[in-house]
Amino acid sequence: MTQRKRTPSTLKVRQRTRRIKSKSTPLRRTRVRRPDPRAVHLRATETTLTGVARLVGFGVFLRELDVDAELRRTFGRLKPDSRVLYSMTAQMRLLLDAAAAGEARVFGLEALANDPLFVHLAGGVVPSIDTVYRDLCRFDDKALAALDTMLADHGFAPLAQAPPEIVHLDVDTTVEPLFGSQQGARPGPNPRYHGRPSYHPLLARVAETNTVIGALLRPGDTGFGNDDVPFVERCIDRVRAAAPEAAVYVRFDAAGDCTQMLRAIADKGAFFLTKPRLTRDLAGAISLVTRWKTVDWDADGRPRRQVAEVPFRRREWGDLQARVIAVRTLDRTYAKHIYLWDELDYTVQVYLTNERVEAPEDVAARYDPRAGIEGLIRDLKHGWGCGQVPSHIFAANHAMLLLKLLAHNLMRRYVLRRFPELSRWTAPWLRRELILVPGRLLRSPGRERILRIPELSLLARWLN
């Protein structure tokens, strides 16, 4: 009987970065015995303990970026009276800190009001949630546009150090199911809660930095199409301003396969890359293609992946230059399986682009990373609470969405600048490592504030 070979255990996820269980630690020789928790006596006597100790490092970084001054210049007009207790700048910074700490709703400020460090950074007092709700309702169209511009500026900032030659702009929508009667809550396409009123926000990200450079909150019955051409044009203009020499590829799914959208992107000097609607005439043209280029073979030498350019044009395209690329594979494990040949086991995927030089197989390979925006949206909804709305007022919900996206971009800049080894982590893990750390807030004899943190903290290593 052959003895099974033991494989070495894999390194636990994130152990090296978080300094957990160093390999040099000797193995225990005694049996571990758990103590009786009833033997631990509780005493509610501490008033200096905090659970968000590393919020200080994040705040220091935002001060270096002059975020507070930028908020004061741009949004101070929303509460112009100098006698107000809570300025708009303080309220917006409060919400940014709350988002960084993991509180997705305004109601969560009541829990953070028990944390001495959070209260100290808020100015010594956390306002009532009613005050915050009223301040969110102050946002008008001009303030929302300014907040969207600020979001884009911080989203493009990581590109300034090394401007890329190619920028991929991914545009996609998501659904925010609602369980109330908020303004703009209307039934629409909802794969999970059928017929449930919802919002249908539109997002644009730069794939090279995984930051959001444009967002628009829309009612739930709004689809993606010709009405969103101004949004896409605005995002392209922002990319041009941030990286003037870069080639811009705009990637989106089949929902954007409309002539007005494609023509607008081409007129901006950018390349569109999408999956066209597989209409009957397009499917027929693909099935009649006889010349396929094999780009991958299986172990037996049989063609596994083939590509071809399809001679197909829609009448409404007019003089729009577009290539139709078909890719058929034998073992498709994702996306929708489309079979066009009865005698073959191939499934086909179709791509549409106005780029005229790139090889067909490279066009498909360039489109596939667009799936990264799906992971980003999942992280934004579950890690930053972008799927939760705080108010009945549509403009207030739009402002809160933009603030959460701004917090995401600022955290991305913080990680890329201070802790680049964590750049691939998602929001829950980043928050656990960079924000939610225990500490003790003390006052020195000189009335200075001292924050004591764990010795192995990443913030302690950065301070040293």
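From a predicted model like this one, the values you see are computed outputs, not experimental measurements.

(A) Quick look at the overall build of the protein. Each helix and strand in the protein was counted, giving 16 helices and 15 strands. Expressed as a percentage of its 464 residues, the buried residues of the protein come to 48%. Contacts in the protein between residues at least 24 apart in sequence constitute 66% of all its contacts with a sequence separation of at least 6. Accessible area for the protein stands at about 25,300 Å²; split by element, carbon and sulfur atoms hold 51% of it.

(B) Region of interest: the pattern of salt bridges. Tallying each qualifying case throughout the model produces 28 salt bridges. Notably, a salt bridge pairs D135 with K79, separated by 3.2 Å at the nearest N-O pair. A residue pair is termed long-range when its members are at least 10 positions apart, and D135 in helix α7 (residues 129–136) and K79 in the loop between α3 (67–75) and α4 (88–100) qualify at 56 residues. With respect to class, D135 is no different from K79; both count as buried. For D228, the salt bridge goes to R218, with nearest N and O atoms at 2.9 Å. Of this pair, D228 sits in the loop between β7 (211–216) and α9 (229–242) while R218 sits in the loop between β7 and α9, placing them 10 residues apart in sequence. When its relative accessible area of 4% is taken as the criterion, D228 is described as buried. Look at R218 and you get buried, because its relative accessible area is 4%. Each of R63, D68, R93 and D97 takes part in one network of salt bridges that share partners.

(C) A look at the packing of helix α8 (residues 141–156) against helix α14 (residues 394–418). Two elements in contact, α8 and α14, have axes separated by 9 Å at closest approach and are oriented at 15°. With respect to α14, the element α8 is oriented roughly parallel. At the point where α8 passes α14, the crossing takes the left-handed sense. Between α8 and α14, the contacting residues are L144, L147, D148, M150, L151, H154 and G155 on the first element and A395, H398, A399, L402, L403, L405, L406, N409, L410 and R413 on the second.

(D) Quick peek at the environment of T353. Within the secondary structure, T353 sits in strand β13 (residues 347–353). Those residues within four positions of T353 in sequence are excluded, and the remaining contacts are F272, L273, Q321, A322, R323 and V363. From its side chain, T353 meets the backbone nitrogen of E355 in a polar contact 3.1 Å long.

(E) Representation of the environment of Y193. Along the chain, the position of Y193 falls in the loop between β4 (186–187) and β5 (197–199). Residue Y193 is classed as partly exposed on the basis of its relative accessible area of 29%. With residues up to four places along the chain from it excluded, the contact list for Y193 reads P177 and F179.

(F) Quick peek at the packing of α3 against α8. Closest axis-to-axis distance for the α3/α8 pair is 11 Å, and the angle between their directions is 155°. Compared by their axis directions, α3 and α8 come out roughly antiparallel. Crossing geometry of α3 relative to α8 is assigned as right-handed. Where α3 approaches α8, its residues V67, E70, L71, T74 and F75 are matched on the opposing element by A143, A146, L147, M150 and H154. Within the contact of α3 with α8, the residues separate by chemical class into 7 nonpolar, 2 polar and 1 charged.

(G) Region of interest: the pairing of strand β8 (residues 247–252). When you tally the buried positions in β8, you get 5 out of 6 residues, the bulk of the element. Pairing between strand β2 (residues 166–173) and β8: 5 bridges, direction parallel. When the sheet's bridge partners are listed, H168 is paired in β8 with Y249. As judged from the 4 bridges shared by β8 and strand β9 (residues 271–274), these two strands associate in the parallel manner. Paired with R251 across the bridge in β9 is L273. The handedness of the β8 to β9 crossover, carried by helix α10 (residues 259–267), is right-handed.

(H) Inspection of empty space enclosed by the protein at higher detail. Summed over all chains, the structure comprises 4 cavities of 30 Å³ or more. Of the voids in this model, the largest cavity is the one considered here, and its volume is about 60 Å³. Lining the largest cavity we find T174, E176, P201, L203, I377, L380, K381, C386, G387, L401 and L405. Mapped onto the lining of the largest cavity, the elements with two or more residues apiece are α13 (372–383) and α14. It is α13 that provides the largest number of residues to the lining of the largest cavity, a total of 3 residues. Split by residue class, the lining of the largest cavity holds 7 nonpolar, 2 polar and 2 charged. Taken together, E176, L217, G385, C386, Q388, V389, P390, N397, M400, L401 and K404 form the lining of the second largest cavity. Sorting elements by how many residues they give to the lining of the second largest cavity places α14 first, with 4 residues.

(I) Representation of the packing of aromatic side chains. For the structure shown, the criterion picks out 10 aromatic pairs. On the basis of an interplanar angle of 45° and a centroid distance of 5.4 Å, the ring pair of F61 and Y414 is categorised as tilted. Note that F61 is positioned in helix α2 (residues 55–64) and Y414 in helix α14, a separation of 353 residues in sequence. No difference in accessibility class separates F61 from Y414, as the two residues are buried. Seen from their ring centres, F75 and F139 are 6.0 Å apart, and the 50° between their planes marks the pair as tilted. Highlighted residues: F75 in helix α3 and F139 in the loop between α7 and α8, separated in sequence by 64 residues.

(J) Focus on the nonpolar core. Of all hydrophobic cores here, the largest spans 71 residues; its most connected members are F75, L109, F139 and M411. Looking at this core element by element, the count peaks at 14 residues for α14. Setting aside residues no more than four positions away along its own chain, F139 makes contact with F75, L78, M88, M92, L144, L147, A395 and A399. One finds L169, I236, F252 and A322 within the second-largest nonpolar core, a separate group that totals 45 residues.

Criteria and cut-off values
- Each chain carries its own residue numbering, running from 1 in the written order of its sequence.
- Confidence filtering applies because this is a predicted model: local features only for residues at pLDDT of at least 70, side-chain atom pairs given and counted only at 80 or more, and all residues used for totals across whole chains, interfaces and linings.
- Calculation of side-chain values draws on the structure's entire complement of heavy atoms; hydrogens and water are dropped beforehand.
- Secondary structure is summarised from DSSP: a helix means a run of H or I of at least four residues, a strand means a run of E of at least two, and numbering begins at the N terminus for each.
- Here the term buried applies to any residue with accessible area under 20% of the maximum for its type, exposed to any over 50%, and partly exposed to those in between, with areas from a 1.4 Å probe on protein chains only.
- Whether two residues touch is decided by their heavy atoms; if any such pair falls within 4.5 Å, the residues are in contact.
- Accessible areas in this description were obtained via Shrake-Rupley with a 1.4 Å probe; residue shielding takes into account the shown protein chains only.
- By convention in these notes, a salt bridge is any Lys or Arg side-chain nitrogen within 4 Å of a carboxyl oxygen on Asp or Glu.
- Every axis in this analysis is a line fitted to C-alpha atoms, fitted for helices over the stretch in contact. Angles between the N-to-C directions lie between 0 and 180 degrees.
- Each angle gets one of four labels, with under 35 degrees taken as roughly parallel, over 145 as roughly antiparallel, 65 to 115 as roughly perpendicular, and the rest as oblique.
- Left-handed describes a crossing whose near helix is turned anticlockwise from the far helix by less than a right angle; the clockwise case is right-handed.
- Nitrogen and oxygen atoms within 3.5 Å of one another constitute a polar contact, given that in protein one can donate a hydrogen and the other can accept it, and given that sequence-neighbouring residues count only through two side-chain atoms.
- Throughout, the ten residues Ala, Val, Leu, Ile, Met, Phe, Trp, Tyr, Cys and Pro are labelled nonpolar, Asp, Glu, Lys and Arg are labelled charged, and all others, Gly among them, are labelled polar.
- At least two DSSP bridges between two strands are required for those strands to pair.
- The path from the first strand over the helix to the second decides the hand: if it runs clockwise while the strands point away from the viewer, the crossover is right-handed.
- For cavity detection a 1 Å grid was placed over the protein atoms alone, and a set of points counts as a cavity when a 1.4 Å probe fits there but cannot get out; an open set counts as a pocket when protein lies on both sides within 12 Å along at least five of seven lines, with lining residues being those that have an atom within 4 Å of a point.
- Grid points are joined across faces, edges and corners, and a volume is the space filled by probe spheres set on the points.
- Working definition: rings of Phe, Tyr and Trp (its six-membered ring) pair if their centres are within 6.5 Å, and the pair is stacked with planes under 30 degrees apart, edge-to-face with planes over 60 apart, and tilted otherwise.
- To define a nonpolar core, start from buried Ala, Val, Leu, Ile, Met, Phe, Trp, Tyr and Cys residues and group those joined through side-chain atoms within 4.5 Å.

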